[in-house]
Amino acid sequence: MSETFDLRIDSIAAGGDGVGRRDGMVVFVPRTAPGDTVRVEAIKDGRLMRGRVISVIEASQSRVTADCMHYEADACGGCQLQHLSYDAQLEAKAGIISDSLTRIGRITVDRPHVEPSDNRWRYRRKLTLAMRRQGDSWIAGLHKWNSMDSVFAVADCRITDELVMEHWKSVLEHAALLPQERELRVAVRILDHGFSLTVEGGTHWTSNDELFAAIPEITEIWWQPMANHRRLLNSRATNAAGASFTQVNAGVARLLIAHVAGLAAKAMAKTAVDAYAGTGDIATALAEQGTRVVAIEIDRDASKVCAARLPAGSRVITSSVERALADALPADLVVVNPPRAGLTPDVINALQDPRTYLADHVIYVSCNPATLARDLKRMDKYRVTSVRGFDMFPQTAHVETVCSLEPAA
């Protein structure tokens, strides 16, 4: 049974919901700002409550009007914080990191600084849309935050580079040449020359050559059929890695890499392991400082690009971190940059194996404060020496975190 009541919002939780308390019970309310007083309709969900705004009684000074046409009108789930001023977004993300480390990791740290993005809009170099067939045409869009099964058509995404949007229009003009399925997931990413197109879904696709010929700006076409691995179908590139993971905000990525390189220089690391190396941005930065790097990357295309970038004396292991890390140790420095799920127990055990020396320094780059905090709690042979956030994704609740670790006394 739902209840209606007035609520003061105190903070922002991981995921972007506003948080208030009623009779000692935590209440999560999407699209609210710290300092708001709102009338909500809420229901109990275990030991907490989840609500929706009926009306804003008193708006916070942090509340602003969202710039994107889709944020309110279509309940777009791609962004969560457009209704907050940018300073309030940074403060919220500092709180998300601090709360995760304290509550989940049981680690006491000063509230971290979050490096701002120089571009608060149009920073995304990649946009992935859900495609749904409607008669003989397609809807290409994003999910609604309050109805994740629903997809609305995206006319423009304000956090995405305008060139990406132009390339998406070209793809949609030739959408008849995509796999003939009811649903697809399609990504466009800017490359140095042209763009990469990645299509997920379908079982047959015989018109990819026609699509490649019809849009000269496409540099690579990747396809991941249902229940199969991704493969490169068409390419005009010498080293194709356009479907590999890369940071979508180039400016903040440079800040993050410079920070990691600065930590490594301060540590005077002669040898380093860069786990989850991708195409080698961090590994290359470390090698340029004279550090001998072993980079570990499971994606073969990304590892080839990484190997081509590294100087003599450094090398790449094409393998999972779980399999390769133990043999790559010991090293003065280990950099881990895992996916959102964080580190597996095998990786944590390798970092703390009593048969090997503990690394003098570990740098953990995380895109998920919750799994970061969980992993740091498990890495009890290390202590946190610094924490810094990076606003890789303005207007959203996501934040990158860099933690430096040293062996515990």
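Residues numbered from 1 in each chain as written. Predicted model: local features only at pLDDT ≥ 70, side-chain atom pairs only at ≥ 80, totals over all residues. Heavy atoms only, no water.

Colleague: Help me understand the nonpolar core, please; the structure alone is not making it clear to me.
Modeller: General note: in soluble globular proteins, nonpolar side chains tend to be found buried as a group. Judged by nonpolar contacts, the single largest core of 66 residues is most densely connected at Trp168, Leu197 and Leu211. The element that contributes the greatest number of residues to this core is helix H5 (residues 250-267), accounting for eight residues. What Leu197 contacts, discounting residues up to four positions off in sequence, is Val171, Val186, Ala187, Val188, Leu211, Ile218, Glu220, Ile221 and Trp222. Among the nonpolar cores identified, the runner-up in size contains 37 residues, and Leu90, Val294, Val347 and Cys403 belong to it. (Core = buried A, V, L, I, M, F, W, Y, C linked by side-chain atoms within 4.5 Å. Buried < 20%, exposed > 50% of the residue type's maximum accessible area, 1.4 Å probe, protein only. Helix = DSSP H or I, 4+ residues; strand = E, 2+ residues; numbered from the N terminus. Contact = heavy atoms within 4.5 Å.)

Colleague: What is the right way to look at the sheet that holds strand E1 (residues 3-12) in this model?
Modeller: Whether parallel or antiparallel, the strands of a sheet pair through hydrogen bonds between backbone atoms. If you walk around this closed barrel you meet the five strands as E1-E2-E3-E5-E4, and the pairing is mixed. With direction set aside, neighbouring strand axes in the sheet form an average angle of 50°. Of the strand pairs in this sheet, E1 and strand E2 (residues 18-22) are connected by three bridges, and their pairing is antiparallel. In the sheet register, Ile9 faces E2, and the bridge partner there is Gly20. (Pairing = 2+ DSSP bridges. Axes fitted to C-alpha atoms, helices over the stretch in contact; angles between N-to-C directions.)

Colleague: Help me understand the side chain of Thr401 in this model?
Modeller: With respect to the helices, strands and loops of the structure, Thr401 is situated in strand E20 (residues 400-407). With near-sequence residues (within four places) excluded, Thr401 lies in contact with Ile97, Tyr364, Val365, Ser366, Pro369, Leu372, Val387, Arg388 and Gly389.

Colleague: Help me understand the state of the cysteines in this model?
Modeller: A disulfide bridge is the covalent bond that connects two cysteines by way of their sulfur atoms. A complete count under the given rule lists zero disulfides for this structure. With no disulfide of its own, Cys68 has Cys76 as its nearest cysteine by sulfur position, at a separation of 6.1 Å. Here Cys157 stays unpaired: no disulfide links it, and the sulfur of Cys79, its closest cysteine neighbor, is 6.1 Å away. (Disulfide = S-S within 2.5 Å.)

Colleague: What should I look at first to understand the packing of aromatic side chains in this one?
Modeller: The way to describe two aromatic rings as a pair is by their centre distance and the angle between their planes. Enumeration according to the criterion identifies one aromatic pair in this entry. Ring centres of Trp205 and Trp223 lie 5.9 Å apart, and the angle between their planes is 80°; this geometry places the pair in the edge-to-face category. Of the two residues, Trp205 sits in the loop between strand E11 (195-200) and helix H4 (208-214) while Trp223 sits in strand E12 (residues 218-224), which places them 18 residues apart along the sequence. Accessibility classification places Trp205 together with Trp223 in one group, the buried group. In this arrangement the basic side chain of Arg22 is found over the ring face of Phe5, its NZ or CZ atom lying 4.2 Å from the centre. One cation-aromatic arrangement involves Arg31 over Tyr71; the distance from NZ or CZ to the ring centre is 3.8 Å. (Phe/Tyr/Trp six-rings, centres within 6.5 Å; stacked < 30°, edge-to-face > 60°. Lys NZ or Arg CZ within 6 Å of the ring centre and 35° of its normal.)

Colleague: How should I be thinking about the sheet that holds E12 in this particular structure?
Modeller: An order of E9-E8-E7-E10-E11-E12-E13 is seen for the seven strands of this open sheet, with the pairing classed as mixed. The open sheet is flanked by strand E9 (147-153) and strand E13 (231-235), the only strands paired with a single partner. Each neighbouring strand pair of the sheet contributes to a mean axis angle of 30°, computed without reference to strand direction. Direction of pairing for strand E8 (residues 137-144) relative to E9: antiparallel, over a ladder of four bridges.

Colleague: Can you walk me through H5 in this structure?
Modeller: For an α-helix, 3.6 residues make a turn, and residues three or four places apart therefore share a direction. Compared with the 26 Å implied by 1.5 Å per residue over 18 residues, the 26 Å span of H5 between its first and last C-alpha is a close match. Considering only its buried residues, H5 is in contact with helix H6 (281-288), strand E17 (333-336), strand E18 (361-366), strand E19 (382-390) and E20. Met268 occupies a position one or two residues after H5 and carries a positive phi of about 55°. (Expected span 1.5 Å × (residues − 1).)

Colleague: For this particular structure, what's the right way to read the packing of H5 against H6?
Modeller: How two helices pack is summed up by the angle between their axes together with the distance between the axes. Taken N-terminus to C-terminus, the directions of H5 and H6 make an angle of 40°; their axes are 9 Å apart at the nearest point. Here H5 lies oblique to H6, going by the angle between them. At the point where H5 passes H6, the crossing takes the right-handed sense. Residues Ile257, Val260, Ala261 and Ala264 of H5 touch H6, and the partners they reach there are Asp281, Ile282, Ala285 and Leu286. Looking at the contact of H5 with H6, its residues break down into seven nonpolar, no polar and one charged. (Parallel < 35°, antiparallel > 145°, perpendicular 65-115°, else oblique. Left-handed = near helix turned anticlockwise from the far one by under 90°. Nonpolar A, V, L, I, M, F, W, Y, C, P; charged D, E, K, R; others polar.)

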